[in-house]
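# Reading the structure
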Amino acid sequence: MDAAGEDRDIKLLQVSGGLFDNYFTALPQALRTDDEAIRYACSRVEIERLIGLLEPFQESPQLLDPHLPQFLTPLTTAFTAYISNPLPANAEAPPRGYYTLPISLARILYTLVKIRGPKIISRFLPNQPSLLEDVTSLFALPSTGVGESWELRYILLLWLSHLLLAPFDLSTISTDPPVGVVRDLSILDDMGLNSDRLPHLSKRLLALGISYLSSPGNRESDAAALLLIRISLRRDMRALGSLDAMVDWGIRAMETVAATADARALFLKTGVLAVLAGFLAQGDSDAVQKYVLRMFELVTRLQDQDCEEWKSAGVRRLGMKIFRWVATLVLAQPREVDYIEDIVERLLNALADRDTAVRFGASKSLAVVARKLDPDMAGDVLEAVMGVYDEDVFYDPPIEKPDLRRKKMLTAVTPEKWHGATLTLATFLRQRAVRSTEVMARVVECIVEALSFEQRRSTFAVGGNVRDAACYAAWSLARSYTTDELQGAGDIVVPATHFEEGRKIIQLLATELVVAGCMDPLGNVRRAASAALQELVGRHSGCVKEGIPLVQAVDYNAVALRQRSVISVAAESVILGEEYWKGVVFGLVNGWRGIGSSDDDGRKLAATSLGKMVRVRYPSDNDSSFRKRGEFVFRAIMQRNRTEGMQHIEIYHGCLRALAGVLDDLPDDCLDVNDKAALHNDVFSKLKGHEFTNPVMRPELTAEATCRLVRTLVNLTPSLLDPQSHSWKQWTAIIEASLDRPEDSVLDEAIPAVKALLEKVSEKNRLTLVDSWNDKISALTYRRRGHILALGEVLAGIPNSKLDLQKVTDILVSAAGRTGEVEIRVAAVKALGRGDISSLQVIDTILESLDDYAVDTRGDIGSWVRGEAITALLSLWPQVPEELKWTFISKLVRLSVEKLDRLRLRAGEALLAISASFPDVKVPQDMRSLSTEEYFSSLVPMLSLPQCREALLEGYVTSAGAGSDSVLKASRRALITYLASSADQTEIATSLLNVFRQALAAQNDRIVIPLLDVLSLLLDLHLLPGVGKKVFVQTQKAHYRTTSVQKLAAAIRVYRSLALAEPALKKDAVTKLVGMLLHPFPRIRMDVSEAVHLVALEGGEAIAARELELVDWGKGTKELKGVVATLREGLC
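Residues numbered from 1 in each chain as written. Predicted model: local features only at pLDDT ≥ 70, side-chain atom pairs only at ≥ 80, totals over all residues. Heavy atoms only, no water.

## Regarding the layout of surface pockets
As a volume, the second largest pocket reaches approximately 1200 Å³. Lining the second largest pocket we find 38 residues, and of these Lys119, Asp222, Arg317, Leu318 and Lys321 sit closest to its centre. For the lining of the second largest pocket, the leading source of residues is helix α9 (residues 218–233), giving 9 residues. The residue makeup of the lining of the second largest pocket, split by class, is 16 nonpolar, 13 polar and 9 charged. (1 Å grid on protein atoms, 1.4 Å probe; cavity = no way out; pocket = protein on both sides within 12 Å on 5 of 7 lines; lining within 4 Å. Points joined across faces, edges and corners; volume = space filled by probe spheres on them. Helix = DSSP H or I, 4+ residues; strand = E, 2+ residues; numbered from the N terminus. Nonpolar A, V, L, I, M, F, W, Y, C, P; charged D, E, K, R; others polar.)

## A look at helix α17 (residues 356–372)
For α17, built from 17 residues, the straight-helix expectation of 24 Å at 1.5 Å per residue is met to within 8% by its first-to-last C-alpha distance of 25 Å. Listing the buried residues of α17 in full gives Val358, Arg359, Gly361, Ala362, Ser363, Ser365, Leu366, Ala367, Val368, Val369 and Ala370. The secondary structure elements touched by the buried residues of α17 are α15 (313–331), α16 (340–350), α18 (375–387), α19 (415–430) and α21 (464–480). (Expected span 1.5 Å × (residues − 1). Buried < 20%, exposed > 50% of the residue type's maximum accessible area, 1.4 Å probe, protein only. Contact = heavy atoms within 4.5 Å.)

## Regarding the nonpolar core
By size, the foremost hydrophobic cluster in this structure holds 395 residues, and its most contacted members are Leu75, Phe79, Phe279, Leu610, Phe684, Trp773 and Ile788. Sort the elements by how many residues they give to this core and helix α23 (residues 505–519) lands first, with 11 residues. (Core = buried A, V, L, I, M, F, W, Y, C linked by side-chain atoms within 4.5 Å.)

## Structural notes on the packing of helix α30 (residues 649–665) against helix α32 (residues 699–716)
Here α30 crosses α32 at 20°, and the two axes come no closer than 9 Å. The orientation of α30 relative to α32 falls into the category roughly parallel. As for how α30 packs across α32, the hand of that crossing is left-handed. Taken together, the residues of α32 that come into contact with α30 (itself represented by Ile649, Glu650, Tyr652, His653, Leu656, Arg657, Leu659, Ala660, Gly661, Leu663 and Asp664) are Leu701, Thr702, Glu704, Ala705, Thr706, Arg708, Leu709, Thr712, Leu713 and Leu716. Residues of the contact of α30 with α32, tallied by class, amount to 11 nonpolar, 5 polar and 5 charged. (Axes fitted to C-alpha atoms, helices over the stretch in contact; angles between N-to-C directions. Parallel < 35°, antiparallel > 145°, perpendicular 65-115°, else oblique. Left-handed = near helix turned anticlockwise from the far one by under 90°.)

## Overview of empty space enclosed by the protein
Within the structure shown, the criterion is met by 2 cavities of 30 Å³ or more. Taken as a whole, the largest cavity holds about 70 Å³ of empty space. Surrounding the largest cavity, Met519, Pro521, Arg562, Val566, Leu588, Trp592, Arg593, Gly594, Ser597, Gly602 and Ala606 form its lining. Breaking the lining of the largest cavity down by element, the ones donating at least two residues are α26 (562–574) and α28 (600–613). Class assignment for the residues of the lining of the largest cavity results in 6 nonpolar, 3 polar and 2 charged. By volume, the second largest cavity is sized at about 30 Å³. In terms of residue class, the lining of the second largest cavity is made up of 3 nonpolar, 1 polar and 3 charged.

Here is the structure:
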């Protein structure tokens, strides 16, 4: 729904200049050599890179328009150059990783077609008639790659269709095939054409079109249909009977080809219908009039007999198109026919089709046909379309009562029919088919209803397409009618808007478009509303209040992000006029948008926006009018909560969130005694307790919303709460029930409510409450986080409190030490971070948490604890004793170079925050903008600090030895670059060895295995001077009696590196490797054989290397003993 970060189209506009420069620079290099000759084989990587530069423009195609000639000229020039000198048919295929030149050009051209459409791109294709023969001949050249690339076939067919617009007879262009060359044109045998009279070129073109008409790819089939349409409608080809033959063949094919004959039968029939529809659409009326009845009967037979083909959306769409042109051609004749009404009825029924493409076709066809009808019949069609908005509509209440607004219930209506009807209205308006002001008022009412249409299903909602079509209808209305025509309808009242006073059509539509542009959950609908509003204001200057500022506020780009549109754009809009304020508030409070939204985030945004609405002041405001607006919003929310909130949990959630948002910003004197009584007595009256536990009732919503409102109500309470009051008991029960919930969204609201409540209760009640939480957490069966986080608020400090904070700290320290319960440990560490660090227990707990590497089936769950410990350390840093600060820094340094991206950056930012008081700790300020390699390169110089060298190496080896591919490569490059120029190689090598020993002593394979890989790498590069023997000894200890294949494989790599890089240790390393050739694991024996083979080759032992190659090391060890003994004698 929303673009991530910046709006993509704005970002694209900003960088488009650079993309164009890259494209224009790279394209000639990809297609031509340095001497300007064309490349017959083009790099696939380069072509795909060029396509990648174009792809982003699909969402903003207009940015390409000024540059299209510059984009297309190099492509078409290269194509014509290839045609003039193509590769022979028997030429070799391009090497792997390369495209043929035609495929390369076609792929780029197709990308441009995909962005700007075939009609625009085909205008730039070369149109010399002499190219007809040459382009047709490319289909017969396998060397072009035409058989393997549908994009090439599509572009060539499109090009041929464009070339057929040439005004010369094909007989003057056509040439006979060379002597001895026979072309297969048997596909034309069933067409009934006199092939002897046809030019050879036309036969080839017809054969091409028919052969690709049944292509499963829509693009190929469409281009083939266009080719057949244009060649058949040419005057010279009509004279030779091509049009008659094509129509006869098409109708015969539709009747004779069985639907199940083969897999391509349906594709063929779809293509045939496209050709027949094209004849009616593009042909002269005199030329195609005689086929009208036959085509109408063909389509009606498919529909009435419920043929298998009619189940295809493509066939039905083309049927609507044929109906349109049949009616258009018939109505152009002076005589009357009796099947126009039948066509209109069929089109009306098709407005409810399940497929959008069919509804589009039916709506357009209906509007076109209605425009050709006489005014009375056209009015009947429009009435039938508007009647859709009253079909299957229920009302609440069912019986109309005086002074009571009835609400439309749209649960039983058909969304597809509403979409089709709205599209039809838009097309009627676009063609100025609505002439009466009375009818215009009804049309506007239909548009407004469609603008707010949504129908809830069990797990999703439908109606976005209806609202999008309504925006198009509003745009069409604004564009097609003059200001006088629209204003002439007078003041109208539309019940769907909740406005009781009449308004002009232009202002009414402007307000509703503002509401849709700010409130709609779908980004495309918000943008469509913004575009329609811009058209309305621009076309009807002076008729919309504050029109120009309004368009600037509800900007097309500004409404792209939902959060921005609901909060910021809505706030900017309502300050321009009270009518917009009412519209937006109605949209937020009533209906399915705003606090009635189906998604949780939408209701939260609506609550925040309503808080901004009550703060709005106008220049004409006094205190009374300002308070009245606040009262209006408050009472509207309370009314909806009473009527719907008690039955619908989502609406209850939205109402409570909205009440909290409004009360936070409402002046104290806005509410009277009755409002306050209702707030305290009615809002929570539905709660019985099971709403917080029954999963069917979505308890997380109730808990979150009630806690949010409790926090607001507590803050509004001027004095300490009476322990016997109903409010104290009710609010405490709500918070207690919410603290038992596991969801983060609930706890995010419950914990602030806890803090607010603790500040407003007596010391005795506060002590009782905290003691109960202590007891719950101390129980071994406790598995929740809420009460732990609540104690964190206690540690943060309650004014004038006498609570035993040491006891609370002891409870949290105990919780932070629980094994097997990572969520509790995370919560405890987070809570400890809210207090102080005066206790050594807290220091030890945070230190231990920074070393938490617990793992379960979910992965490295200890990273959650480490991340929270980093946050806690930052908040407590000023209280850390000086003698322990380097201990904490060394752990942060270790974490800042570990393999987890999220944790690495978090630790790096913590280092940055504390580096001001430690000049030796140098951390880049802009680490988030650095590449991974730049980041590691900026931190690896801290190896020169003895205080944190070993800690840095301990963390670094996890990235350089076990990180993801990108992290591993970047960290290795940074380490190698630093060590290659470092004067501390010996000290670093010694520290690395110390880390090795400590990891072995702790049996920490998380460090040992990647460290072995790093040792192997550094030994190969001679960057570990003087520690070879010690590495050898420690490596033996590392894999002694181990069954870890990873550890054994890493040890093998170390032995191999020692044998190659340390001459003094070569014999020992080779002896060890040869001994491992009898390891019980076949995988290890194979790895060892490869290592020994490499050492033998490097040492000039070709015979031993040859023996290693001839042995199957997957055999049993008994069979391998003799071979190993021989190798030992030769190598050791």
